[in-house]
Amino acid sequence: MSRQPETKQKQRGGIPLFWPLAALALLLLYNAVFTQDFLTLTIRNGQLYGSLVDILNRGAPIMLVAIGMTLVISTRGVDLSVGAVIAISGAIAAWLIVAHDTPPALVILLTLLGAALCGIWNGALVAFLDIQPIVATLILMVAGRGIAQLITQGQILTFRDPVINFIAGGSLFYLPFSVTIVVVTLALTAVLMRWTALGLFIESVGANEPAARLAGVNTTFVKVFVYTFCGICAGIAGLIAVSNISGADSNNAGLNAELDGILATVIGGTSLNGGRFFLVGSIVGALIIQTLTTTILSSDVPPHYTLVVKSVVVLAVCLLQSDAMQASIRRLATKGGAA
Amino acid sequence: MIRRLLLRSPVVATLGVFVLLYAVSAIRYPAFTRPNVFLNLFSDHAALGIAAVGITLVIISGGIDLSVGAMIGFTSVVLAVLIEQNHLHPMLAVLVVLLIGTALGTGMGWIIRTFALPPFLVTLAGMFFARGMGLVVSLKSLSITDERFTAFGAWEASIGSLRIPSVSLVFLAVVALGAWLGRYTRFGRNVYAIGGSEDSAVLMGLPVGATKIRVYAFSAFCSALAGVIFALKGSSGYAHAGAGLEMDAIAATVVGGTLLSGGVGAVPGTLIGVLIFGVIQTLVLFENLNSWWGRIAIGLLLLMFVLVQRIVTRRAA
Amino acid sequence: MPEPTPLLKMTGIQKRFPGVVALNNVDFRVNAGEIHALMGQNGAGKSTLIKVLTGVHTRDAGEILVDGKPFSARSPGHAQELGVSTVYQEVNLIPSLSVAENLFLGRQPLRLGQLDWGTLTKRAETAVQRLDLNIDVSRRLSTYPIAIQQMVAIARALDVSARLLILDEPTSSLDAAEVSRLFTLMRRLKADGIGIIFITHFLGQVYEISDRITVLRNGGLVGEWPTADLPPMRLVEQMLGLDASQLPEHKQKTQRLIEERRKPFFRAAGLGRKGAVEPFDLEVREGEVLGLAGLLGSGRTEVARLLFGADRADSGTCEVDGRSLRLASPRDAIRARFAFCPEDRKTEGLIPQLSVRENIVLALQAARGWYRRLSRKHQNELADRFIHSMQIATPDAEQAVNNLSGGNQQKVIVARWLASDPRLLILDEPTRGIDVGSKAEIQRLAMELAEAGKAVLLISSELEEISRCSTRVAVLRDRKMIAELDGGEVSEQEIMQTIASGHGSGDEPTA
């Protein structure tokens, strides 16, 4: 039986990245045409202002969550607790400042430590107790906001701390500092994945865990790592959130963050079944989600239509990425070509 | 021996926990021994319970339905509009929203089947859609003053000295329906088969596609009905109702003995899961604790259940 | 005398997939009351032919007649209704449901509009008794071993009134007693007039049970013969399309190795695990191929998994080079430079989406740890080296492994372990389900490794393979290591006698 080389394997930076980028480009184009001053950028007080900057700024938390979520999903897992971890992180930070007047560097350190502990908790449940990820992280998701409220005793703690406020409010190289945080996190993650064997290990655990274990991969370590890492990313997002409003709102902080994070990851090309992951794709996915929200807000469409539009976009992206659709597109493409 | 019993029927463990929990509560607060405290568990959580019945079958089939909470909000607000602004007879209005809900569920099921998309994502889109459409219909809460409607909401059946509210009866009826579907219909057994091994179900010639569509339609029907119940209890429709309820429903289902991986579980278990949920809420109230302790308690309960399930199934392997 | 109308007649079947011609003008026929073996290497087109028949694929051209009438199934379910049922190797039933339910899923008896559980249970009991199967039909299917599950699958097929029964590799997971039971059943069904298509790799079984043989090769029909008219050698030649024998003769070389008796570098004493295998002693020497023989289910894979740390031992100790060794996980074994090619390469061996290169370097990388990454250049070199030396058929090293054929996938896994330069290479059924050509290559590889000074632990169900490749054979029976055969004793007859008698030649006879 003759067999032509199947180019079924999606190569890095190849086909899967095309669709999300195209979707993002389309959205930006639409805005450029229909939204007034969408592309205008102004500089005031050494900071860039404009719709584009807004998207980057507001989308920072989603992008961070997406980075962490990508690795978790790659191991065939999921983390439903990121929203709760954002709330918990915010609560820890605000409480430390308000109740203990802690220096900002320590606040950041302890907050991230708390977020990491949440991640380790999830990782331990999944890796050591062999509990399904969706159930394991559901526990923290359910209890997490309760814990956050426990820390703030049910109140919205507000504070004034210039360093913490800089996280979301400050700027570096004309861009909001939150953007810098995202870029640095993305870069560090990418380096960690590709310059060490972690990327290979994570993908192998997701693609076939028993085989990876028999090949000698420390699957327990890999799983605990990805959940801890996801927790830390949520912690960073939590710091940005708390910096944004100079306070901790345990009820609303990080609301729906997990859903947006999962969505961004899937739009970006990583499959829910695990295996190959695409960090840049997830960032693009997060940008699409944020651009969508901004598009609706700045257009004549009433804001409560946001969710409806979001649902259509989710569906459209899923359909485009589905195997059935990919097959149809391939058929259309080759129909004019070889016999 | 206990282990084998637990394996045979996961509902047994759930029942045990409930009995224990209730007994401990009754010792601490004798009020629990009063019948209407027990009955209140049903009426207070009727909406959650009805929605959970639908989600149970979906989870047993190996899928998941995140749109449940949003459907409640959407249905309640559409119901309010139909009754108050379109002046439809309440029964007709209820029928219409149930049809709309079921249609939405059928749509989601059809997309999941035809394009082989992950139910997580499709029902997530459904959740956004339902919540969004609810907000489009009305941003604010709409009250329902139609007397025929409010009368049914207030009606209670009397059995001896007990009074059972109408919503509790609807809840019990839905549980019975769900249990019957799961055990005594080919559809129900196909749901278990698909959850147990979808590939095998296909090769065995079972109508996998049709069953999937039907199970999401049923779940949507249940959540639409739950929306009606919500409207009955509060005499109003509110698009934001049911926010986060899908997670509570899933938690109740898991506590009820259903495995999130599919193939194992039962509707009666979910009923007990909802009751446990209710007992904890009531306890938190009685203990005069801050509301956030309720969430933490449920999280701990979920953890306990999951651990026990793990230990039992691990030893058996 | 006119020939009776065949039960099944397929003529001129064509089937193409993008870039591949799967079936090219294939004829196939089966008579009622006949056991017909369908054979061919992996990729010959056997499973495609069956899928075309049962409605999984639509044929591009050709005709299918059942009992002389046109036959066209839209789906496996439809084919079942029309009397053509398939029982697969993986027993496609629902493990979480009861035996009774599995028998009647989709056709449960109804009473007053709802399921009649009482009647269902009764009918289920009748159905299994028809096969001489005495089991509790209300128990979950997963509580029964594969052999029983297969019988339930056959019972279901029969109950849906199958006229043509397709058995796809039914004996791969069965031990000899279970195979014998299956064959008795098949003969009974044959006497009842049912046509059976028997797809298998086991030459011995083909000669034991089948009436006719059809051979496919590269999507085309090679020929159809009555079994009695086709000697085994000719069958293999037809399947390969070659004349000369591919089976290497290394017996002399292995004899030489035995003379250089080396000291064992690995010793296991009293190693055992409850429910898996009873405590055993084992020594492994460098430069030898230690065969692990025994019937299916005798505990061979369990021994291998204990030696590799894939399962934890309850008792016993191990030592390497005189130093005690704790085997609590595969990583411990890998650190001692052991390597393990598991029996089920699809679920335990390959990492599907990853490339050939990534699969090959994985074990080596895992041993080095996550922080010391092999450079891309180094990885490419490694991959290319093994693709070349093991003749792995792939367009390049970046190809996704699931696109390779079974034999080449197996080679990738062996390459993965060779890359880590092990002292002990454990091969669990390395040639099962593989085409004859790759089979011979892997056997040759095992012996070459031994000659190069490594130790190879070879597990195989094929006595012929064990006796030819091994210098020493440990025999297992019923989860217990019962004997060790050395040098001149390593022949198929001796192994079989050992298993049958339950003890080695120097021991007291066991009960």
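Quick caveat: nothing in here was measured; it's all calculated off a predicted structure. (Residues numbered from 1 in each chain as written. Chains lettered and ligands numbered in written order. Predicted model: local features only at pLDDT ≥ 70, side-chain atom pairs only at ≥ 80, totals over all residues.)

### A look at the pairing of strand E4 (residues 61-66) of chain C
Side-chain positions along a regular strand alternate between the two faces of the sheet.
Residue and element names in this part refer to chain C.
Then, number 1: Across 5 bridges, the pairing between strand E1 (residues 8-17) and E4 is antiparallel. Residue pairing for E4: threonine 11 is matched across the bridge by glutamate 63.
Then, number 2: Here E4 runs beside strand E5 (residues 69-70); their pairing, made up of 2 bridges, is antiparallel. Opposite leucine 65, over in E5, you have proline 70 as the bridge partner. (Pairing = 2+ DSSP bridges. Helix = DSSP H or I, 4+ residues; strand = E, 2+ residues; numbered from the N terminus.)

### A few points about the interface of chain B and chain A
Then, number 1: In this complex, chain B contributes 37 residues to the contact, which on the side of chain A involves 34 residues.
Then, number 2: For the side of chain B that touches chain A, the secondary structure elements donating two or more residues are helix H7 (119-137), helix H13 (245-255) and helix H15 (292-316) of chain B.
Then, number 3: Of the residues contributing to the side of chain B that touches chain A, the split by class is 29 nonpolar, 5 polar and 3 charged. (Contact = placed C-beta atoms within 7 Å. Nonpolar A, V, L, I, M, F, W, Y, C, P; charged D, E, K, R; others polar.)

### Some remarks on unusual backbone geometry
Then, number 1: Look at aspartate 101 of chain A: it is not a glycine, yet its phi comes out positive at around 50°.
Then, number 2: Here aspartate 101 of chain A lies in the loop between helix H3 (82-100) and helix H4 (104-127).
Then, number 3: One non-glycine residue, aspartate 421 of chain C, lies in the positive phi region at around 50°.
Then, number 4: When you line up the elements, aspartate 421 of chain C lands in the loop between helix H15 (406-419) and strand E19 (424-428).

### Let's talk about the interface of chain A and chain C
Then, number 1: Of the residues lining the interface, 29 residues belong to chain A; the matching set on chain C comes to 35 residues.
Then, number 2: Within the residue set of the side of chain A that touches chain C, elements represented by two or more residues are helix H8 (198-207) and helix H9 (209-214) of chain A.
Then, number 3: When residues in the side of chain A that touches chain C are grouped by element, the largest group, 6 residues, is from H8 of chain A.
Then, number 4: Counted by class, the side of chain A that touches chain C contains 14 nonpolar, 9 polar and 6 charged residues.

### Regarding the sheet that holds strand E3 (residues 35-39) of chain C
All names here are of chain C.
Then, number 1: Reading across the sheet, the 6 strands line up as E6-E9-E10-E3-E11-E12 and stay open at both edges, with mixed pairing between neighbours. Looking at the sheet topology across the chains shown, the edges are occupied by strand E6 (84-87) and strand E12 (220-226). The sheet shows a mean angle of 20° between the axes of neighbouring strands, direction not considered.
Then, number 2: Looking at chain direction, E6 and strand E9 (residues 164-168) are connected through 4 bridges and run parallel. Paired with serine 85 across the bridge in E9 is leucine 165.
Then, number 3: Together, E3, E9 and strand E10 (195-199) form the strand contacts of helix H6 (residues 176-191), whose direction differs from that of E10 by roughly 145°. (Axes fitted to C-alpha atoms, helices over the stretch in contact; angles between N-to-C directions.)

### Describing helix H3 (residues 35-44) of chain B
Then, number 1: Within H3 of chain B, the full set of buried residues consists of Leu41, Phe42 and Ser43 of chain B.
Then, number 2: Elements that come into contact with the buried residues of H3 of chain B comprise helix H4 (46-60), strand E3 (162-165), helix H9 (166-184) and helix H14 (267-286) of chain B. (Buried ≥ 20, exposed ≤ 12 C-beta atoms within 10 Å, placed from the backbone.)

### Quick word on the confidence of the model for chain C
All names here are of chain C.
Then, number 1: Of the residues in chain C, 89% have a pLDDT of 70 or more, and the chain-wide mean is 84.
Then, number 2: Note that pLDDT drops below 50 for residues 243-254; the model gives that stretch 14 contacts with residues more than four away or on any other chain.
Then, number 3: Low confidence marks residues 506-511, where pLDDT is under 50. Its contacts with residues over four positions away, or in another chain, come to 4 contacts.
Then, number 4: Reported confidence for the predicted complex is 0.86 by ipTM and 0.80 by pTM. (pLDDT = per-residue confidence, 0-100.)

### Description of the nonpolar core
Then, number 1: Ile50, Ala51, Ile229 and Leu302 of chain B together with Ile426, Leu457 and Leu458 of chain C are the most contacted members of the largest nonpolar core, which has 375 residues in total.
Then, number 2: In terms of residue count, helix H12 (residues 208-234) of chain B provides more of this core than any other element does, 17 residues in total.
Then, number 3: Residues within four places of alanine 51 of chain B in sequence aside, it is in contact with Val68, Ile72, Cys222, Ser223, Ala226, Leu245 and Ala249 of chain B. (Core = buried A, V, L, I, M, F, W, Y, C linked by C-beta atoms within 7 Å.)

### Things to note about the packing of H3 of chain A against helix H10 (residues 219-245) of chain A
Residue and element names in this part refer to chain A.
Then, number 1: Two elements in contact, H3 and H10, have axes whose closest approach is 7 Å; the angle formed by their N-to-C orientations is 55°. Comparing their axes, H10 and H3 come out oblique. Taken as a pair, H3 and H10 cross one another with a handedness that is right-handed. For the pair formed by H3 and H10, the contact residues are Val82, Val85, Ile86, Ser89, Gly90, Ala93 and Ala94 on the first element and Cys230, Gly231, Ala234, Gly235, Ala237, Gly238, Leu239, Ala241 and Val242 on the second.
Then, number 2: Residues belonging to the contact of H3 with H10 are distributed by class as follows: 11 nonpolar, 5 polar and no charged. (Parallel < 35°, antiparallel > 145°, perpendicular 65-115°, else oblique. Left-handed = near helix turned anticlockwise from the far one by under 90°.)

### Some remarks on the environment of isoleucine 35 of chain C
Residues and elements named next belong to chain C.
Then, number 1: Within the secondary structure, isoleucine 35 sits in strand E3.
Then, number 2: Residues isoleucine 35 and isoleucine 197, spaced 162 residues apart in sequence, show a C-alpha to C-alpha distance of 6.1 Å.
Then, number 3: Leaving out residues up to four positions away in the same chain, isoleucine 35 has contacts with Met186, Lys190, Ile196, Phe198, Ile209, Ser210 and Asp211.

### Thoughts on the pairing of strand E16 (residues 315-320) of chain C
Residues and elements named next belong to chain C.
Then, number 1: Of the pairings in the sheet, the one linking strand E13 (residues 264-273) to E16 comprises 5 bridges and is antiparallel in character. Residue pairing for E16: phenylalanine 266 is matched across the bridge by valine 320.
Then, number 2: As judged from the 3 bridges shared by E16 and strand E17 (residues 323-325), these two strands associate in the antiparallel manner. Note that in E17 the partner of glutamate 319 across the bridge is serine 324.

### As for the sheet that holds E16 of chain C
Within a sheet, adjacent strands bond to each other through the backbone by hydrogen bonds, running parallel or antiparallel.
Residue and element names in this part refer to chain C.
Then, number 1: Taken in spatial order, the 4 strands of this open sheet run E14-E13-E16-E17, and their pairing is antiparallel. Edge strands, defined here as strands with exactly one partner in the open sheet, are strand E14 (277-285) and E17. Geometrically, the sheet is characterised by an average inter-axis angle of 20° between neighbouring strands, direction not taken into account.

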